Amino acid sequence: MTGQVEGKVALVTGGASGIGEAVVELLAKESATVIATDVDDLRGPEVVARITKAGGKAIFLEQDVTSEERWVEIAAEIAKRYGRLDVLVANAGIGIAVPSIVDMTLADWRKQNAVNLDGVFLSVKHCLPLMRKIGGGSIIMMSSLAGLRGAPGLSAYSATKGGVRLFAKSIAMECAGAGDGIRVNSVHPGIIDTPIWGKIPTSAAGNQGNAPIDPEERAKLATPLARAGQAAEIASGVLYLASDASRYVTGTELVIDGGMNAGSAPRRA
Ligand SMILES: NC(=O)c1ccc[n+]([C@@H]2O[C@H](COP(=O)([O-])OP(=O)(O)OC[C@H]3O[C@@H](n4cnc5c(N)ncnc54)[C@H](O)[C@@H]3O)[C@@H](O)[C@H]2O)c1
């Protein structure tokens, strides 16, 4: 264990899998006390058990981020157990793909928005008071490269991630204006090899013939560094934003995408 976030209490939503799991592991390794939440109450406890076995401090709480009732309980539980919250990583997200936007049902559009936008809004609404009480904190919102660029077939997802990007900046300005010591930033991963790619469903009204997306195959062609990123490579960016090393950083975008947002780099050899 090293101590880049020693003494801090951190909440990570969607902590049972992929990027969230890697963030939970790294923050705990760097001596934070971590609360991992997720709808997946099978994998979540396994992640936490691995961490505590290795000497880290972590607990798992089952949570659907779209439920405001549950957010009230989660915030109360954190206040009761720890009396503070230093870091919020609003990471939980889903992606719903359709062949064309005309194939998207309103129910799927709303589901996409409920998890990726309502969930982030509720996280901030219920965690800010805990941070304000201790005079500061760091909020990290998981956006996407799809929050910076268009993503065909994933337009609803892209709309939510663009929303998260500007929500982060607006809350950053609100907090800076209030002088409450809370910094707010967004993270924009490119193509990262996590289970999300296997879960991306076509819309209920969509074409069911689609094979699961292989992130490595997709990244090889689309990414200047010619490979998919690993969840741990996103977690190290989150660690920077969670730690005091980023104390002068707010309202910004941390793009971790193997160069995709910069342009294309056709291979010469
Ligand atoms: N993997 C990528 O290529 C990539 C790229 C850009 C952005 N992202 C974003 O990173 C975040 C994490 O994605 P990932 O790739 O690790 O995916 P993942 O599917 O591996 O993990 C997402 C986690 O969120 C949880 N979750 C889903 N709905 C929830 C809900 N309503 N309440 C609570 N938890 C819920 C899932 O159970 C899962 O454990 C997401 O916001 C995603 O949009 C991922």
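Criteria and thresholds
Residues numbered from 1 in each chain as written. Predicted model: local features only at pLDDT ≥ 70, side-chain atom pairs only at ≥ 80, totals over all residues. Heavy atoms only, no water. Helix = DSSP H or I, 4+ residues; strand = E, 2+ residues; numbered from the N terminus. Buried < 20%, exposed > 50% of the residue type's maximum accessible area, 1.4 Å probe, protein only.

For the protein chain, the name recorded in an unreviewed UniProt entry is Dehydrogenase, with Bradyrhizobium iriomotense as its organism.

The next thing to look at is unusual backbone geometry. The phi angle at Ser31 is positive, at roughly 75 degrees, despite the residue not being glycine. Considering the arrangement of structural elements, one finds Ser31 in the loop between α1 (18-29) and β2 (33-38). With a relative accessible area of 15%, Ser31 lands in the buried category. The backbone of Ala226 sits at a positive phi, close to 55 degrees, despite the residue not being glycine. For Ala226, the position within the fold is in the loop between α7 (215-222) and α8 (231-242).

Mapped onto the secondary structure, Gly136 falls in the loop between α4 (106-133) and β5 (137-142). We classify Gly136 as buried; its relative accessible area is 11%. It is 25 Å that separates the C-alpha atoms of Gly136 and Asn116, two residues lying 20 residues apart in sequence.

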